[in-house]
Structures are given as structure tokens and as C-alpha cells.
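Summary of the model geometry
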Amino acid sequence: MFKALSGKLEEYKNHSARKPFQVLNVGDVPNLPGYNPQVHKQRHHRQQKWSFINGQRIEVADGLTHDKPRMAKVPKPRQAWCDGTTIPKSTTRDNFYQPEPLTEEQPAWRAYDRHVLRFWGYFKEAVEESNLENERVRPIVMYYYLEDDTMHILEPSIENSGLGTRVDMVKNCGQPGVLLRRHRVLAPDTEGLGECGYLSPKDFHVGRTVTVYGKTFFLTDCDEFTRSFYGDRGVAQPPPQPLVEDTFLQTRRQAVDTKPRMARTYEKLYRETVLGGGHINKDMQQFLEKDRMVCRFFAVLDDLLTPQYERRPFTILYFLCDDTIEIREHYPLNAGRDNFPVFFRRSKLLKGDTEVRGPLEPPLENDAYVSLDDLAVGATLPCLALNLFLYDADAFTRAYYAEEIGRDLQEKIDVRIPDPIPPRPPTPPYTGYGNWEDSLASVTDLMMKVPKKDFHKYMSKDGQVLRFTAQFADPAPEDVQRRFVFKYFLNEDSIAIHEPPQRNLGIVTGKFLEKGIHLNQQTKAIFRAEDLLPGNMVSVMNHKFIMTDMDDYTRKYLADQQDAHPTVDLQAILQKLRESMRQQFPLVRDIFRKFDRDHNGVMTFEEFDDTLRKFSFRLQEQEVMALFRHFDKSGNGQVSYNEFCDTVLEKDYSMHVVPRQAPVHSNVTDRYVHNAAQKTRERGEQERCRKAVQAIGQLLYQKTHIIPRLRSILYRACAARDEQLVTASEIRSALLMLGHAFDEEDLIRALTFVMPGLDLERIPYNDLLSAFQASYQDCGAPR
């Protein structure tokens, strides 16, 4: 019995070795009692078999009412739900795991979009009436479009061949170089039969012939894409075949390679002329050497004949092949002149004034015409009774003068006329009705508007008043003892004059001038704080005053204004700030979140300043900077949460009976101000980068159906370059085609964040899409 069991075990092992384990397919399992697996259908649509075509009921079927669309197999993208992180394969679906196919079927117009097979070849054409040749070889280029199985044939142009226009073999539509227009071509075996057969890619092979409408083409070579296309399908193309040369090509090559016995030089022409011979076309050598070589100069003309002075621009073209000149005029916008840009038609140009010459007069010498020696930057060209000033030349002209003539042209001369500044009408004097701004509005605007006030200045400097003392400059005997107090209100730039009471003065004191914006008649401008300094002379309402003194507040304020970053009393401001914060929020965490708008864990100067304004702290910019510097213990230009807590919270215990306040460092340097501004810009850029990466990552991570469509669009964009690389602009255009518009700067921020060191002109889009999906969780929304 033991031997029998051993034999059964060996048989089972051999059977297992011969047949490896196979994955169970749910669709192959029969409907056993008690076992009903859920089978997922691939297609859920209902087929429509009947329809109306041209008003007739007809059954819809492939080949009867329409051609069946041709399908092609392409690599299938991997689905994300099939892969897990902790287990080899996911079991989220209620069926067993089935191996995914590596390819999928797509319509040919989508799978093979812009895929073109290119072959080189030739065909032989018989030459009837010639003793030198019997046939002539004509090269062709054949294109086969895989998306719709169409093809067309081109013939490359040959210089001086006499074959300028080819006539289509199917239809007499003369197109340059086109032997066969693009369409589906019938295979030669099925011509004239009822079957529908067309040329396909399997009919094209290097080293073989293809017959198209009775004409036989021999294929000699193909491009790299065509070889890779056939190689992927297991059909390798043979190596390139040499092009057959006929008698005509050999004769042309010998004519090009044959050199003359003696080179044609100017010395040879001179010897022939001395001996009485010479070339009939004496200027042919100059034409052959300098054809299509043109020197271009830019000139201006000061036109004094018009009622208004005008500087007219011109372009002078000097043709080196025949020493002719053409002058063109450039009309500025709204010039009011007729559109005749050719000022002087191409011909030889006489120097000086133009004179009428008859046919019996002797011809002029070459020195009478303008030559290249007469043209230079900075020179004046007298011609056509005008004086053209040459102020510039193009790059070719400068290089030609330096290499051929041996003279360098000077730099461009600025001939632009500065735009005249329109004279501003004088401001009429202040009438005294209303305030100064209301009266000025009637001068600046035709329809008077209410003048806008600086609300920020009005609120930040509300209650700040500067006081100065003054007396009359030329007082009468009874006004010698009178004293006045000037009040300057910083929020409105207005003044008011008050006369304090005095004993035995004999004059009723009190308000001398109502509060308002007044004109200083000494400076002809509105009063400023600098006008009221002691020792200055001011005049208002035809009264002259001399300033004598100021109060302590005014003196301190003006002294602080002279220092860019003054030292402020931060202890009092800090205590007031703490009390206000505790009234707003009981927890320090909530206070910091109120300051940190973008919730990135640090607070910049801009966030600190805006939040203080929301808390109604009326502080100057210098005070805010000094206070921010006190919070920033490390001095790196930003305040972290720990630094904020150390400054706002009080110590739990103290070693002294009276707790000592921490020293306040109020010295703010220019370097720290620059550092704080730099940190503000960096944090703003980081926030914009995070939002851009999160927006694009959310699109690609949550909407997975967009990725295959995006891959298809990008594949078509780079198919012509034969490489899987695209540019940033092509990615933006592809997203826009799918209905998702992103700013170009935000897209560049996201690309450089996901793939550091990326070349924006050569982006591997497959790796980029994978990187976006992998880095989606790295840029979550801040809490």
C-alpha cells in the first residue's frame, strides 16, 4: 500500500510540474447550484438594428449601410485600482483577480493619428525621341497614412530639369510636384472586380515594387519611424537599395563636376579687352557674384515746405548686382499722405539736382551717378533736389563695408524728435469759495467730481495736531502784543489759527481763522508742516506772520520724521497689544491663527501689519517694523509660533518680587527691513506654488479618466518629433483642450516643484503624470 501511495504522489507531482497553476476565470465557471458569481459586463448599450435612411426603413449592418470602423491595438495604460500598497493585488472588487490585457483596441483614427509611413523610390519613364537615352529614372517620395489608409506620391523638384509642374495621374489638377493626390488606392489584383481591396502596409517593402494605376514604383529606402513600425510587428525592412542612375543623371553630374580650363578673373577680362575682344555682357560677372545682395540704409528728410515742420523717414536700397538704387518712404500712423511707398523707382540715381536730358545728348559717365562710396552713416545724400541724411544701416551693410570695402560704418545716430510737451494752462487763483480741493476740481475736470480723500491717511493720523506760535510780521502799534497759535492737522493737511486771551489787550481774542485747507501766499501752494517752522514767513488771507516757536509734541514729531527708523517705546505698545489680544481671543493659538492668514506656521511682516490694522491699532510703519523686530527673536525676517508665544505670554514664575520686563530691542536696521521683505516675497511664492501643485494634482489624482485622454493629446503633439518629450506650452494647451485652464506661471511652478531641475522644453510627460499622482498628498491644504 505504501508503494501505491508513493506512486500516486509522484504522479501528482509530475502532473503539477507539467501544468503550471492557472488563474481562475469567473466567466468560465458554470452556474452550479448555490454558486452565482457576479460577472461584470463590459458593454451595457442596446444595439439598434433598424433605422431610416433616405426615408426608407432599412436594417443597419456593417458593410450594408456603413463601413465597419477599423480598430487597432495599442498599449493599455495601467489602472491604479489593481495595485495595492500592503498586499500584492487589491481585493476591493467582488470578483477574482483576472490578468489585465496589455493592449486595448481603439479606432484607427485615434490610435494612428499623425502616423505616416514614408518610402523613397523611383520609376522609369520611356524617352521616345532621343538617341542618347531610352529611359529616364525619376525619384519619388511615397507617404502612407495609417489613420485612414490613404497615400499620396510626390516627386522632388530638380533644379533646371524643366519639370516644374506634375499632372495628377488620376485627375488633371496641376499641383507642383504631386504625382498622386491623397486618397485610398485600389490594389492591382482587384482592379475591375467587384471585391473591395486597397493597398495596405503589408504591400510596401524596401527592394520590391508597388504598382499604382498601372505605373510601377521601386522602393529603395524608408525612414526610421517606418522601420520601427514594421519591426514592432515582426517584419523587418531590408537595408537601403542604391538609386539607379540613368544617362541623363550622369551627364548632369559630369557637367557640374567639370571645371573650366582657366578661371574667369578680372585680369583675364582685362587682357581680352586690351586685345580687342572681351565678353559681350560686361556686367554679367558682377551680376553672377552679387545677385540678391542689397545694402540698406536708413535716412530722414527735414521737410520745410509743409506748413508744419516734419521729419520724414526713408529707406535707401542699393542693389550691388547692377548699382541701382530704390528709395522707399515709411509713413507713420495718421500721416495724412497718399499710400505711395516707392519714392524713387529702382534705377541709377543722379547726384545733385535732376535735369531733363534728350536722346541726342551724350550719355553720362559713371561718376555722375550715386555709387557705394557716396553712402555712409552720417553722410548727406544730395539727390532729386533733396538732402537725405543717412543715420543707420543694417547688419549686412555694416559687414559688407567692413569685409569688402575695408571701412567701418559709425554707430546709429539718434534722429528722433522729442515729443513736444503740451503747455499746461496756468491754475487760476483761489477764489475763496469752498475749500481748495473743490475749487481745483473745477479746473482739472469738465464735469466736476467730489474730490477723493486719502482714507488711510485720514484714519491713521486722526487726532495728530502740530501747534506753532506766531506773531504779525509788520504789526500796527496796537497789534504788537498779539500772539497766535497755528494748528496743523496731519490727517487733512488743514490749518486753523487761534488767538489766546491776554490781560489788558483790548482786543477780542478767540478764533482767528476757520479750520480748512488754505493757500500759503508766500509759496503759492497749500500749507505744509515745513512752512510753519520757527523763523519762516507765511501769509494767509493777506496777513503776514512770522513763526516764533512750537510745542514739545511738535518738536518730537518733526525730530522722529528725520530718522527713517526711529526708536519707539515698545513696552507701552506691547502691553496695550497684549490686553487687546486677550480681549479678542482667550487662547494664544487662536491669536496666532488670526495673524497667520495662510496657516503656514510662520507670520510675515505683511500679515503682521494687516492684522494690527484689523485690531484698530493706529501705529506708524516704523512702529510696526520695530514691534515686528521685537517679536522676531532669531532675526530671520519672520515670526514662528514659539517666538510669538514667548513674546505674548508672561512667565509662569519670577525670581524677583516685582517681575522685570524683558529688554526691548528697538534698533531696526536697513538689512533687517530688506530681510523681512524678502521673507514676505518668499512665503507668497511658496503659497502660490502650493496652490498650483494642489490644483493640478487634484485634477489628475481624483479624475483618473482625464489621464488617458491627456496622454493621447500629448502623444499626438510629440509624434512628429519621434520622442516622448513635450514642452510646457503644449501641456498647458492639452489641459485647455480638456476644459481646464491654468495660468502659465502657475503651471511652471507646479512642473518645477514636482520634478526639480526640469527642462521646460524637453518634458517626459509619462514621468510627469506619475510624479503628479505620487506627490498629491505632499501638498495638502493647510489646517
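Summary of the structure given here. Nothing here was measured: the structure is a model prediction, and the numbers come from that model. (Residues numbered from 1 in each chain as written. Predicted model: local features only at pLDDT ≥ 70, side-chain atom pairs only at ≥ 80, totals over all residues. Heavy atoms only, no water.)

1. A short note on unusual backbone geometry
- Residues other than glycine seldom take positive phi values, yet Arg114 does so here, at roughly 65°.
- Structurally, Arg114 can be placed in the loop between helix H2 (108-111) and strand E5 (116-126).
- Of note in the backbone geometry, Asp149 takes a positive phi value of approximately 60° without being a glycine.
- Among the structural elements, Asp149 can be located in the loop between strand E6 (135-145) and strand E7 (150-154). (Helix = DSSP H or I, 4+ residues; strand = E, 2+ residues; numbered from the N terminus.)

2. Looking at the sheet that holds strand E18 (residues 484-489)
- Pairing within the open sheet is antiparallel, and its six strands lie in the order E20-E19-E18-E17-E24-E23. Both edges of this open sheet fall to strand E20 (510-516) and strand E23 (537-540), since each of them pairs with a single strand only. Put simply, the sheet's adjacent strands are angled 30° from each other on average, direction ignored.
- Strand direction decides the pairing type here: E18 and strand E19 (residues 494-499), joined by five bridges, are antiparallel. Across the sheet, residue Lys487 finds its bridge partner in E19, namely Ala496. (Pairing = 2+ DSSP bridges. Axes fitted to C-alpha atoms, helices over the stretch in contact; angles between N-to-C directions.)

3. A short note on the pairing of strand E15 (residues 380-383)
- Judged by which residues are buried, E15 turns out to be one-sided: Leu381 and Cys383 face inward and are buried, whereas Thr380 and Pro382, on the alternate face, are not.
- Alignment of E15 against strand E16 (residues 386-393), held across four bridges, turns out to be antiparallel. Residue pairing in the sheet places Pro382 in a bridge with Asn387 of E16.
- Two successive antiparallel strands, E15 and E16, enclose a turn made up of two residues, where Leu384 displays a positive phi of approximately 55°. (Buried < 20%, exposed > 50% of the residue type's maximum accessible area, 1.4 Å probe, protein only.)

4. Digging into the sheet that holds strand E13 (residues 324-329)
- Spatially, E14-E13-E12-E11-E16-E15 is the arrangement adopted by the six strands of the open sheet, whose pairing is antiparallel. In the strand order of this sheet, the two ends are held by strand E14 (342-347) and E15, each with one partner. Shown here is a sheet whose adjacent strand axes are inclined to one another by a mean of 30°, direction ignored.
- Pairing of strand E11 (residues 294-303) with E16, which is carried by four bridges, proceeds in the antiparallel orientation. Its bridge partner lying in E16, Val300 is registered against Phe389.
- Across the sheet, helix H7 (residues 395-405) lies against E11 and E16, angled at about 115° from E11, the strand it touches most. (Contact = heavy atoms within 4.5 Å.)

5. Things to note about the environment of Ala393
- With respect to the element layout, Ala393 can be found in strand E16.
- Classification of Ala393 by relative accessible area gives buried; the value is 6%.
- A C-alpha to C-alpha distance of 5.9 Å links Ala393 and Phe298, two positions 95 residues apart in sequence.
- Residues in contact with Ala393, not counting those within four places in the same chain, are Arg296, Phe297, Phe298, Val377, Arg398 and Leu409.

6. Regarding helix H12 (residues 588-595)
- For H12, the complete set of buried residues consists of Val588, Ile591, Phe592 and Phe595. For H12, the angular spread of the buried residues around the axis is 95°, confining them to a single face. (Arc of directions from axis to C-beta.)

7. Observations regarding the pattern of salt bridges
- A full pass over the atoms with the stated rule returns 25 salt bridges.
- The partner of Asp322 in a salt bridge is Arg346, and the shortest N-O contact between them spans 3.2 Å. Within this pair, whereas Asp322 is found in the loop between strand E12 (310-319) and E13, its partner Arg346 is found in strand E14, the two being separated by 24 residues in sequence.
- You can call Asp322 partly exposed: its relative accessible area is 32%.
- The closest approach of N and O atoms between Arg482 and Asp479, which form a salt bridge, is 3.4 Å.
- The class of Arg482 is buried, set by a relative accessible area of 11%.
- With relative accessibility at 16%, the residue Asp479 sits in the buried group.
- Three or more residues are tied together by salt bridges with common partners; here these are Glu125, Arg138 and Glu155. (Salt bridge = Lys/Arg side-chain N within 4 Å of Asp/Glu carboxyl O.)

8. Here we look at the packing of helix H17 (residues 706-718) against helix H20 (residues 765-774)
- Two numbers describe how H17 lies on H20: the axes approach to 10 Å, and their chain directions differ by 155°. When the axes of H17 and H20 are compared, the pair comes out roughly antiparallel. Handedness of the H17/H20 crossing: right-handed. Contacts between H17 and H20 pair Ile707, Leu710, Arg711, Leu714, Tyr715 and Cys718 from the former with Tyr765, Asn766, Leu769 and Gln773 from the latter.
- Partitioning the contact of H17 with H20 into residue classes produces seven nonpolar, two polar and one charged. (Parallel < 35°, antiparallel > 145°, perpendicular 65-115°, else oblique. Left-handed = near helix turned anticlockwise from the far one by under 90°. Nonpolar A, V, L, I, M, F, W, Y, C, P; charged D, E, K, R; others polar.)

9. Describing the packing of aromatic side chains
- On inspection of all chains with the given rule, the structure shows 17 aromatic pairs.
- Ring geometry for Phe314 against Phe343: centres 5.0 Å apart, planes inclined by 70°, an arrangement best described as edge-to-face. Linking Phe314 in strand E12 with Phe343 in strand E14, this pair joins segments that are 29 residues apart in sequence.
- The class of Phe314 is buried, set by a relative accessible area of 1%. (Phe/Tyr/Trp six-rings, centres within 6.5 Å; stacked < 30°, edge-to-face > 60°.)

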